[in-house]
Amino acid sequence: MKIELCIFNLDGVIVDTAHLHYLTWKELATKFDFELSPILYEKIKGLGRIETLRQIMAWAKISKDEKEIESIAKLKNDHYVQMIQMLHPTEIRPGVKSFLSELKKLYIKTALSSASKNAKTILSKLELLQQYDTIVDGDQIEHCIPDPEIYLKCSQNLNITPSNTVVFEDSVNGINAAKSAGFYTIGIGKTGALSIADAVIPNFRGFNFKEMLNLLKFNLASTN
Ligand code: G1P
């Protein structure tokens with residue numbers, strides 16, 4: 001196993017914004033008289049803005065024309081953008097920065113992948129905009145997760161194949177998308193649904209490159 005690139009998802013991996021997305025989607029869903037439970041949200045976690053809204057509307061059995069869909073999505077985004085204004089570098093999740101610096105020292109490339117169109121704003125607030133070798137966000141992809149385009153763009157930008165790349169993701173949708181294109185995957189969060197990944201860690205606290213390789217080798221050997 002030769003790992004040359006690590007791709008990091010943003011919301012819920014680098015910073016706890018996945019929770020803010022959930023809260024704003026949940027509030028929006030109440031306008032459709034629909035209760036968006038955390039369990040249901042897991043099914044749409046990681047999808048793009050419009051795709052997420054369409055799924056919530058389908059569950060709520062609501063139909064709207066394209067113009068209305070765009071303006072409802074904008075409402076949700078306006079609320080979310082207000083919430084991320086107060087983000088600060090201290091909110092970067094524990095262990096992220098030291099793992100990134102270790103990768104840099106080892107000449108392992110790093111990428112940031114996020115279906116969010118707010119990714120660059122968040123990275124700038126966290127002072128992480130210059131920390132990755134490439135960034136692919138919601139403005140640069142045509143096909144959203146479950147399509148693996150977002151990860152493939154990261155690896156193509158750096159000329160590294162999926163079989164030499166690890167993707168860190170907190171959503172089942174993201175893990176499935178990355179796996180479908182042949183990337184190694186590490187879930188960030190609780191096991192359970194994330195167990196479809198090659199390995200799962202709760203967060204990056206104390207995590208390092210050697211531990212990553214050992215985890216992947218051990219888990220892959222026991223599944224083969
Ligand atoms: C979009 C979605 C959000 C999703 C996120 C990916 O972000 O709204 O639910 O989880 O992508 O992390 P947005 O472009 O609205 O910031």
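You'll find the structure just up there.
First, a word on what this report is: a plain description of the structure on this page. If you're wondering where the values come from, they're calculated on a predicted model, not measured in any experiment.

**Focus: the overall build of the protein**
Reasoning step 1: Counting its regular elements, the protein contains 9 helices and 6 strands.
Reasoning step 2: Dimensions of the protein along its principal axes, counting C-alpha atoms only, are 50 × 40 × 30 Å.
Reasoning step 3: Split into buried and exposed, the 224 residues of the protein put 50% on the buried side.
Reasoning step 4: The long-range fraction of contacts in the protein, counting pairs at least 24 apart against all pairs at least 6 apart in sequence, stands at 60%.

**Focus on the site of the ligand**
Reasoning step 1: The environment of the ligand is made up of 13 residues, and the closest members are Asp 11, Trp 25, Ser 116, Lys 117 and Asn 118.
Reasoning step 2: A distance of 2.6 Å is found between an oxygen atom of the ligand and a side-chain nitrogen or oxygen belonging to Ser 116.
Reasoning step 3: In the complex, 98% of the free accessible area of the ligand, which totals 380 Å², lies under the protein chains.
Reasoning step 4: If you list the elements that add at least two residues to the shell around the ligand, you get helix H1 (17-30) and helix H3 (49-59).

Criteria and cut-off values
Residues numbered from 1 in each chain as written. Predicted model: local features only at pLDDT ≥ 70, side-chain atom pairs only at ≥ 80, totals over all residues. Heavy atoms only, no water. Helix = DSSP H or I, 4+ residues; strand = E, 2+ residues; numbered from the N terminus. Buried < 20%, exposed > 50% of the residue type's maximum accessible area, 1.4 Å probe, protein only. Contact = heavy atoms within 4.5 Å. Near = heavy atom within 4 Å. Polar contact = N/O pair within 3.5 Å; in protein donor to acceptor, adjacent residues only side chain to side chain. Areas by Shrake-Rupley, 256 points an atom, 1.4 Å probe, with all protein chains shown as cover.

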